[in-house]
Amino acid sequence: MTADTAEQLRAELESVFTNAEYPVEEPMELVPALPDGPDTTFEAGDVRVGVMDFGAEYAEYQEYPYETAEALIDDLMTGFREEGLFD
């Protein structure tokens, strides 16, 4: 993983999830903030992750409710790293 790729992905997540209304009690509350709804894909360098993968592959890293976008994004980034998304 390059630090640039991780930073780019984080910036994409921030640009979307900072628009959500917090607190967020469950993942479906984030859908209105997604530019392409459930078809939204985040990309940085060679890394692509669809928002639907958040629940399928990275759910164990998320602890709802979230009070801030930063807390949500921190957990997602941890999951991405732990599951080898940047390898």
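As a reminder, the structure under discussion sits directly above these lines.
First things first, this report covers the structure right here in the doc. Everything numeric here is computed off the predicted structure, so don't read it as measured data.

1. Some thoughts on the packing of helix 1 (residues 3–17) against helix 3 (residues 69–82)
Part 1: Their axes nearest at 10 Å, the elements helix 1 and helix 3 cross at an angle of 145 degrees. Here helix 1 runs over helix 3; the crossing is right-handed. Facing Ala6, Leu9, Arg10, Leu13, Glu14 and Phe17 of helix 1, the residues of helix 3 in contact are Ala69, Glu70, Leu72, Ile73, Asp74, Leu76, Met77, Phe80 and Arg81.
Part 2: In terms of residue class, the contact of helix 1 with helix 3 is made up of ten nonpolar, no polar and five charged.

2. Thoughts on the pairing of strand 2 (residues 47–50)
Consecutive residues of a regular strand have side chains that alternate between opposite faces of the sheet.
Part 1: In this sheet, strand 2 lies alongside strand 1 (residues 41–44) in antiparallel orientation, the contact comprising four bridges. For threonine 41, the partnering residue across the bridge sits in strand 2 and is glycine 50.
Part 2: Hairpin connection of strand 1 to strand 2: two residues between the antiparallel strands, including glycine 45 at a positive phi of 60 degrees.

3. Remarks on unusual backbone geometry
Part 1: Cis geometry marks the peptide bond from tyrosine 22 to proline 23; its omega dihedral reads 5 degrees.
Part 2: As for its position among the elements, proline 23 is in the loop between helix 1 and strand 1.
Part 3: The omega torsion of the bond from tyrosine 64 to proline 65 falls at 5 degrees, within 30 degrees of zero and hence cis.
Part 4: Examined against the element boundaries, proline 65 turns out to sit in the loop between helix 2 (51–57) and helix 3.

4. Some words on helix 3
Part 1: Look at helix 3: 20 Å from first C-alpha to last across 14 residues, which is about the 20 Å you get at 1.5 Å a residue.
Part 2: Burial in helix 3 covers these residues: Ala69, Leu72, Ile73, Leu76, Met77, Gly79 and Phe80. The arc that holds every buried residue of helix 3, seen down its axis, measures 160 degrees, which confines them to one face. Residues of helix 3 that are exposed and point over 90 degrees away from its buried face: Glu70 and Glu82.
Part 3: Among the structural elements, helix 1, strand 2 and helix 2 are those in contact with the buried residues of helix 3.

5. A short note on the side chain of threonine 40
Part 1: Note on placement: threonine 40 falls in the loop between helix 1 and strand 1.
Part 2: We classify threonine 40 as buried; its relative accessible area is 3%.

6. As for the pattern of salt bridges
Part 1: Taken as a whole, this structure holds three salt bridges when the rule is applied.
Part 2: With a shortest N-O distance of 2.3 Å, aspartate 74 and arginine 10 are connected by a salt bridge. Placement of aspartate 74 in helix 3 and of arginine 10 in helix 1 is noted, with a sequence separation of 64 residues between them.
Part 3: Using a relative accessible area of 23% as the deciding quantity, one classes arginine 10 as partly exposed.

Basis of the calculations
- Residues numbered from 1 in each chain as written.
- Predicted model: local features only at pLDDT ≥ 70, side-chain atom pairs only at ≥ 80, totals over all residues.
- Heavy atoms only, no water.
- Axes fitted to C-alpha atoms, helices over the stretch in contact; angles between N-to-C directions.
- Helix = DSSP H or I, 4+ residues; strand = E, 2+ residues; numbered from the N terminus.
- Left-handed = near helix turned anticlockwise from the far one by under 90°.
- Contact = heavy atoms within 4.5 Å.
- Nonpolar A, V, L, I, M, F, W, Y, C, P; charged D, E, K, R; others polar.
- Pairing = 2+ DSSP bridges.
- Expected span 1.5 Å × (residues − 1).
- Buried < 20%, exposed > 50% of the residue type's maximum accessible area, 1.4 Å probe, protein only.
- Arc of directions from axis to C-beta.
- Salt bridge = Lys/Arg side-chain N within 4 Å of Asp/Glu carboxyl O.

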